[in-house]
Amino acid sequence: MQRIGVFVCWCGSNIAATVDVKAVAEAAKHEPGVVFSTDYQYMCSENGQAMIREAIKEHRLTGVVICSCSPRMHEATFRKTAVSAGLNPYMVEIANIREQCSWIHKDMAEGTEKAIILARAAIAKVHLNAPLVAGTSPVTKRALVIGGGIAGIQTALDIADAGFEVDIVEKAPTIGGRMAQLDKTFPTLDCSACILTPKMVDAAQHEKINIISYAELDSLSGFVGNFTAKIRKKARFIDETKCTGCGICTEKCPSRKGLNDFNMGLNTRGAVYIPFAQAIPNVAVIDSAQCIHFRTGKCGLCEKNCSAGAIKFDQKDEILEREYGAIVVATGFKPIDASAFNEYAYSDSPDVVTSLEFERIMNAAGPTKGKLVRPSDGKHPHEIVFIQCVGSRCTEDATKGKPYCSKICCMYTAKHAMLVREKYPDVKVHVFYIDARTPGKNFDEFYRRAVEQYDVDYIKGMVGKVSVEQDHLHVQGSDLINNEQIHINADMVVLATAIEPDPTARALGTMLTASMDTNDFFTEAHPKLRPVESPTAGVFLSGVAQGPKDIPETVAQAGAAAAKVIGLLCKNELTCNPCVAHANEALCNGCSQCERVCPYGAITYEDKEVRSPEFRGIKRIAVVNGAICQGCGACTVTCPSGAMDLKGFSNSQIMAEVDAICR
Amino acid sequence: MSVNQEWTPNIVAFCCNWCSYAGADLAGSGRMNYPANVKIIRIPCSCRLNPLFVLRAFQRGADGVILCGCHPGDCHYSTGNYYARRRMTMLFSMLDYLGIERGRTRVEWVSAAEGAKFAATMNDFVKTITDLGENKKLEDLRCKK
Ligand SMILES: Cc1cc2nc3c(=O)[nH]c(=O)nc-3n(C[C@H](O)[C@H](O)[C@H](O)COP(=O)(O)OP(=O)(O)OC[C@H]3O[C@@H](n4cnc5c(N)ncnc54)[C@H](O)[C@@H]3O)c2cc1C
Ligand code: SF4
Ligand code: SF4
Ligand code: FES
């Protein structure tokens, strides 16, 4: 029999005004097992806690019931109080007589009656409580960063600077992400490569950072602090240790028809290529679908010309198995496919380009060496129309666009308009926009500069149609402010296409059991208070993978995610939630039902020797890994033999509460 | 419970810890009213609710039982409420077969932000049960101590 103490809190008048606390304490005295019962003004105060501690010692209490505010407020407080008096923290139960009683009911008699019932239920439960000891699990002091864009690079640098090992797994042949493709960056117009490439070099040279490029996560097991990842390092048909990045092979390759994805397909490249001059690692890669050797067994010019002997046509995908304590998702984004927008003639004319293509055209290292020319005929354009919100804030057709605002397009369009006007003052620039959204430090000033200083023609309205004519594009739109139809004969049209998460995000989310929203952006554990953590313990979020954002925001979030990872990796061990499931060996028949419903894969099976009145011998039994189990209880209900139960919320405890309430 | 003019129903509400229990707390912080005959039992997730607990409540004289959990897709454990929904659908049709009116049981999704929905749900549920009157069926099975 337990020796139970009951402590009824007044919470000033919060409880005492509608619940007769003395009557509750008195009623509790008559419950079985209760050896002490009292009331006090503020149970959570230092004095209140001292009173609980003394009572635990004096009356040798084995269980404590606090009738007070919600356990969500002070359960942790009172558990600590119990510990300081030598009692196991899980021998404390809270009866919620404030949020779920005194604040709800105006009538004193009603409130008091209900409070007594709630106290009774808590007493009935505590009778069946057992001391629980939280287990611990070790922490592997290494982080995995998935995605090597600016988000991943910054997160990795910050974690590595704190002294922890980091692996960056990047699916492309080089790190750098989208930022490497940009020309200048708003709102300062500094050159993107000039600020990115030093960071890429820092990451490559950092002794704690290991870049695994041209690789993707194949599978993941484990849990916070103890993940095991299998990483598929795709065959690049080049020995990375031998390749010096001289680029001879890329010049000699006769198969020149591959679309250069770094330049958004605006020009072509050889079958063996290095994505861009500052690529990291600066190692070539062979596109086997394009390579003549892979198709016909002939050619091999690259192999003949590589003085380092780095070409390896027989290279195979490699699976690396690595252990991690924390994982950061930094998989970024891609622009949506603009060809769904027939009205803008994207598929019909090479002179209709997306903004990212435009970045490449304006970039000194791009396909036109930074010279602004029409893709169709290489001529200098005289009039350019920018169309904003192509596929963003698109609520009418979900197959075409996205319901959300892509956040960066207003700013980069202002940037593009300004860069054009700065370099080519003779070019007329029009921008069709729905709203110009410029919240951000120095953002509105930037946009106003485009309008006022650079004389960019901002037209509030939508473009109805772009038609391809003999020597130009005919743009037909509406000006909502002047309420008139506008016709422009443009040489180029630039579409500010919406951005969406990387197409691999959903599969990755499933692998990590990290939740994502309907648009496939990863969701945060709390939208305000835990913005860089995923609800899955040990998984953190960085950059556009979590939602559209620009570079400054990405870098800020990357640092925040790193801080969370460092906080985790600093610990030598993690305390686990002791309210976990466990199978009664005598009852379990190894049917595997529980394993199927567990969302965390916490249940495995073992052949165990069992000696019980019902069974003697070896049988297959469910074993719950207490470090993985999150204590949801799904398995306990599924179990057909009643073998699985949940500590802290056991079948008998819940039944006792039901009985007490229905008495 | 004896039948007299003063009869009020006894209602057990199982609330998942992460959403609905917090929603119930919010109803309290907002000083919203619902009848005192609703008593809440906290469970980690709606999927912790064993149908036997519902049967037990009816055997012991509860007049109504309600399960509240996170909205579909929002379960703290991702999938718990989908299991709960399926299990309760099965249970409710069995209770129906046993002669316990369908209205005496309910599953409702209440988020941690929906204090008002929690209070409104409870007001409505209490009214439904009051209209249905005292529950006898399972007590008649002589299960009551
Ligand atoms: C046209 C345009 C202009 C812009 N201009 C500006 C500007 O002027 N100023 C500004 O502040 N911002 C600008 N931005 C926004 C900027 O590009 C982003 O904020 C930034 O690139 C986000 O970085 P990220 O690392 O989150 O994503 P990304 O740059 O997309 O990097 C993600 C990386 O992860 C890799 N990856 C994806 N999936 C996987 C996987 N499953 N496994 C392994 N690796 C994976 C990708 O290959 C990529 O390298 C612009 C964007 C666009 C489209
Ligand atoms: S309680 Fe939930 S998390 Fe734990 S083993 Fe059972 S199903 Fe898995
Ligand atoms: S469901 Fe129950 S009986 Fe079946 S394996 Fe799991 S614990 Fe054992
Ligand atoms: S935690 Fe609320 S339903 Fe699962």
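Note that the coordinates shown come from a computational prediction; the quantities given were computed from them, not determined experimentally.

S.K.: What's the story with the site of ligand 1 in this structure? I'm lost.
M.R.: Residues and elements named next belong to chain A. Around ligand 1 there are 36 residues in total, and Glu170, Phe186, Lys415, Lys549 and Ile551 lie nearest to it. At 2.5 Å, a side-chain N or O of Glu170 approaches an oxygen atom of ligand 1. Within the side chain of Asp502, an N or O atom sits 3.4 Å from a nitrogen atom of ligand 1. When the free accessible area of ligand 1 is taken as 1000 Å², the share hidden by the protein chains comes to 96%. For the shell around ligand 1, the secondary structure elements donating two or more residues are helix H6 (150-161), strand E8 (184-185), helix H11 (355-362), helix H12 (409-423) and helix H15 (551-569). Class assignment of the residues belonging to the shell around ligand 1 gives a composition of 15 nonpolar, 11 polar and 10 charged. Both of domain 2 (142-226 + 321-332 + 504-569) and domain 4 (335-500) provide at least three residues apiece to the shell around ligand 1.

S.K.: What is the right way to look at the sheet that holds strand E11 (residues 215-223) of chain A in this model?
M.R.: Remark on secondary structure: sheet strands pair via backbone hydrogen bonds, oriented parallel or antiparallel. Residue and element names in this part refer to chain A. Strand order in the open sheet formed by three strands is E11-E12-E17, and the pairing between neighbours is antiparallel. A single partner strand is all that each edge strand has here, and the edge strands are E11 and strand E17 (318-324). The mean angle between the axes of side-by-side strands here comes to 20°, regardless of whether they run parallel or antiparallel. Direction of pairing for E11 relative to strand E12 (residues 226-233): antiparallel, over a ladder of eight bridges. The partner of Phe223 across the bridge, within E12, is Asn226.

S.K.: For this particular structure, what's the right way to read the packing of helix H2 (residues 46-58) of chain A against helix H3 (residues 71-84) of chain A?
M.R.: Geometry of a packed helix pair, given as the angle between the helix axes and the separation of the axes. All names here are of chain A. In the contact formed by H2 and H3, the axes pass within 9 Å of each other and the chain directions differ by 45°. When the axis of H2 is compared with that of H3, the two are oblique. Between H2 and H3 the crossing geometry is right-handed. In this structure, H2 uses Gln49, Ile52, Arg53, Ile56 and Lys57 to contact H3, whose residues at the interface are Thr77, Phe78, Thr81, Ala82 and Ser84. Taken together, the residues that form the contact of H2 with H3 break down as four nonpolar, four polar and two charged.

S.K.: Just checking my understanding: could you explain the site of ligand 3 for this structure?
M.R.: In the vicinity of ligand 3, 14 residues are found, and the nearest of them are Cys588, Cys591, Cys594, Cys639 and Ser641 of chain A. When its residues are assigned to classes, the shell around ligand 3 shows nine nonpolar, five polar and no charged.

S.K.: Teacher, can you tell me more about the pattern of salt bridges here?
M.R.: Charged atoms that come close allow side chains of opposite charge to pair. All chains considered together, the criterion is met by 47 salt bridges over all chains. If you follow the salt bridges from partner to partner, you end up with Asp351, Arg374, Asp377, Lys379, Asp471 and Asp491 of chain A in one network.

S.K.: Sorry if this is basic, but what is going on with the sheet that holds strand E23 (residues 457-460) of chain A here?
M.R.: All names here are of chain A. Ordered in space as E20-E27-E21-E22-E23, the five strands form an open sheet in which the pairing is parallel. In this open sheet, the two edge strands, each paired with only one partner strand, are strand E20 (352-354) and E23. Along the sheet, successive strands turn relative to each other by an average axial angle of 20°, direction set aside. With five bridges joining them, strand E21 (residues 383-390) and strand E22 (residues 428-433) adopt parallel strand pairing. In the strand pairing of E22, Ile387 is matched with Phe432. Across the sheet, H12 touches E21, E22, E23 and strand E27 (492-497), and the angle it forms with E21 is around 175°.

S.K.: I tried to follow the environment of Lys80 of chain A on my own but got confused; where do I start?
M.R.: For Lys80 of chain A, the position within the fold is in helix H3. Among the residues examined, Lys80 of chain A registers a relative accessible area of 63% and is labelled exposed.

S.K.: It is not clear to me how the confidence of the model for chain B should be interpreted in this structure. Could you clarify?
M.R.: Reading predicted coordinates in detail is not appropriate for stretches of low pLDDT. Looking at chain B, pLDDT values average 90 and 91% of them are 70 or higher. Two numbers describe this predicted complex: its pTM, 0.77, and its ipTM, 0.95.

S.K.: Explanation requested: the nonpolar core in the structure shown.
M.R.: Soluble globular proteins tend to pack their nonpolar side chains together in the buried interior. If you look at the biggest cluster of nonpolar residues, it comprises 62 residues, and the most contacted ones within it are Ile603 and Met644 of chain A together with Phe14 of chain B. Residue assignment places this core across two domains, with domain 1 (4-127) and domain 5 (581-647) of chain A each supplying three or more. Excluding residues within four positions of it along the chain, Phe14 of chain B makes contact with Ile654 and Val658 of chain A together with Ile41, Ile43, Leu49, Phe53, Val65, Ile66, Leu67 and Cys68 of chain B. Listed in part, the 38 residues of the second largest apolar core include Val8, Leu61, Ala82 and Met91 of chain A.

S.K.: I tried to follow helix H4 (residues 115-132) of chain B on my own but got confused; where do I start?
M.R.: Because each turn of an α-helix spans 3.6 residues, side chains separated by three or four positions in sequence point in the same direction. All names here are of chain B. Between its terminal C-alpha atoms H4 stretches 26 Å, which fits the 26 Å expected from 18 residues at 1.5 Å a residue. Residues Gly115, Phe118, Ala119, Thr121, Met122, Phe125, Val126 and Ile129 constitute the buried set of H4. Taken around the axis of H4, the buried residues stretch over an arc of 160°, which confines them to a single face. Structural note: H4 exposes Lys127 and Asp131 on the side pointing more than 90 degrees away from its buried face. In this structure, the buried side of H4 is in contact with strand E1 (11-16), helix H1 (20-29), strand E2 (38-43), strand E3 (64-69) and strand E4 (105-109). Just past H4, the residue Gly133 takes up positive phi, approximately 85°.

S.K.: Honestly, the domain arrangement of chain A in this entry has me stumped. Any pointers?
M.R.: It is common to give the size of an interface as the accessible area lost on bringing the parts into contact. Assigned domains of chain A: these are domain 1 (4-127), domain 2 (142-226 + 321-332 + 504-569), domain 3 (248-305), domain 4 (335-500) and domain 5 (581-647). Using C-alpha coordinates to define each centre, domain 4 of chain A is positioned 60 Å away from domain 5 of chain A.

S.K.: When you look at the interface of chain A and chain B in this model, what are you seeing that I'm missing?
M.R.: Taken together, the contact pairs 40 residues of chain A with 42 residues of chain B. Roughly 3600 Å² is buried in total at the junction of chain A and chain B, and carbon and sulfur atoms are behind 57% of that figure. With a closest N to O distance of 2.8 Å, Glu75 of chain A and Arg42 of chain B form a salt bridge. Taken together, the connections running from chain A to chain B amount to 19 residue pairs in polar contact (both at pLDDT 80 or more). Those elements that place two or more of their residues in the side of chain A that touches chain B are H3, helix H4 (98-102), helix H5 (108-127), helix H16 (593-597), helix H17 (634-638), strand E34 (644-646) and helix H18 (651-661) of chain A. Here the element with the most residues in the side of chain A that touches chain B is H18 of chain A; it accounts for seven residues.

S.K.: Looking at this structure, I do not really get the packing of helix H1 (residues 21-29) of chain A against H5 of chain A. What am I missing?
M.R.: Residue and element names in this part refer to chain A. Running from N to C, H1 and H5 cross one another at 40°; their axes reach a closest spacing of 9 Å. Classified by the angle their axes make, H1 and H5 are oblique. Relative to H5, H1 is oriented so that their crossing is right-handed. Contacts between H1 and H5 pair Ala23, Val24, Ala27 and Ala28 from the former with Thr112, Ala115, Ile116, Ala119 and Ile123 from the latter.

Criteria and cut-off values
- Residues numbered from 1 in each chain as written.
- Chains lettered and ligands numbered in written order.
- Predicted model: local features only at pLDDT ≥ 70, side-chain atom pairs only at ≥ 80, totals over all residues.
- Heavy atoms only, no water.
- Near = heavy atom within 4 Å.
- Polar contact = N/O pair within 3.5 Å; in protein donor to acceptor, adjacent residues only side chain to side chain.
- Areas by Shrake-Rupley, 256 points an atom, 1.4 Å probe, with all protein chains shown as cover.
- Helix = DSSP H or I, 4+ residues; strand = E, 2+ residues; numbered from the N terminus.
- Nonpolar A, V, L, I, M, F, W, Y, C, P; charged D, E, K, R; others polar.
- Domains from an automatic or database assignment.
- Pairing = 2+ DSSP bridges.
- Axes fitted to C-alpha atoms, helices over the stretch in contact; angles between N-to-C directions.
- Parallel < 35°, antiparallel > 145°, perpendicular 65-115°, else oblique.
- Left-handed = near helix turned anticlockwise from the far one by under 90°.
- Contact = heavy atoms within 4.5 Å.
- Salt bridge = Lys/Arg side-chain N within 4 Å of Asp/Glu carboxyl O.
- Buried < 20%, exposed > 50% of the residue type's maximum accessible area, 1.4 Å probe, protein only.
- pLDDT = per-residue confidence, 0-100.
- Core = buried A, V, L, I, M, F, W, Y, C linked by side-chain atoms within 4.5 Å.
- Expected span 1.5 Å × (residues − 1).
- Arc of directions from axis to C-beta.
- Buried area = accessible area lost by both parts, 1.4 Å probe.

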